Amino acid sequence: MSSLYTVIRRPLITEKGLSVKETEGTLVFDVAPDASKTEVRQAVEALFKVKVAAVRTANVVGKERRRGKFAGFRPDWKKAYVRLKAGEKLPEYVSNL
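Bear in mind that the values here come from a model prediction, so they are computed numbers and not experimental data.

### Considerations on the environment of Ala86
Secondary-structure assignment places Ala86 in the segment after β6 (77-84). The class of Ala86 is exposed, set by a relative accessible area of 84%. It is 24 Å that separates the C-alpha atoms of Ala86 and Arg10, two residues lying 76 residues apart in sequence.

This is the structure:
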């Protein structure tokens, strides 16, 4: 992976993601499918200037979607849960909610 933005695609802004952020100090990101935990850790530390305690990843299987009689599948993607070290300030990438 060459760029930080190819490793971390976007933050996941969902109810579960925001509740985990508030209660556990964990950030949730959509990451590249071939990104390793070490690459995710380095990218988050470089982008947000914070210290990372742990990284957990999950491969999400794409769902079947239908448009009338036509069926297809959404692509598979990878999710990363990044826990920050104690005392680190959570970055605010969510506004106007």
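### Digging into the pattern of salt bridges
Within this structure, the stated rule accounts for one salt bridge. Across the salt bridge formed by Asp30 and Arg10, the nearest N and O atoms sit 3.5 Å from each other. One end of the pair, Asp30, is in strand β2 (residues 26-31); the other, Arg10, is in strand β1 (residues 8-11), and 20 residues separate them in sequence. Residue classification places Asp30 among the buried residues on the basis of a relative accessible area of 7%.

### Looking at helix α3 (residues 37-48)
Helix length check: α3 (twelve residues) gives 16 Å between terminal C-alpha atoms against 16 Å at 1.5 Å per residue, within 8%. When α3 is considered as a whole, its buried residues turn out to be Val40, Ala43 and Val44. Buried residues of α3, seen end-on, are gathered within an arc of 95° and therefore sit on one face of the element. The inward-facing, buried residues of α3 abut α1 (4-7), β1, β2, β3 (52-60) and β6. Among the residues trailing α3, Lys49 stands out with phi positive, at a value near 55°.

Procedures and definitions
Residues numbered from 1 in each chain as written. Predicted model: local features only at pLDDT ≥ 70, side-chain atom pairs only at ≥ 80, totals over all residues. Heavy atoms only, no water. Helix = DSSP H or I, 4+ residues; strand = E, 2+ residues; numbered from the N terminus. Buried < 20%, exposed > 50% of the residue type's maximum accessible area, 1.4 Å probe, protein only. Salt bridge = Lys/Arg side-chain N within 4 Å of Asp/Glu carboxyl O. Expected span 1.5 Å × (residues − 1). Arc of directions from axis to C-beta. Contact = heavy atoms within 4.5 Å.

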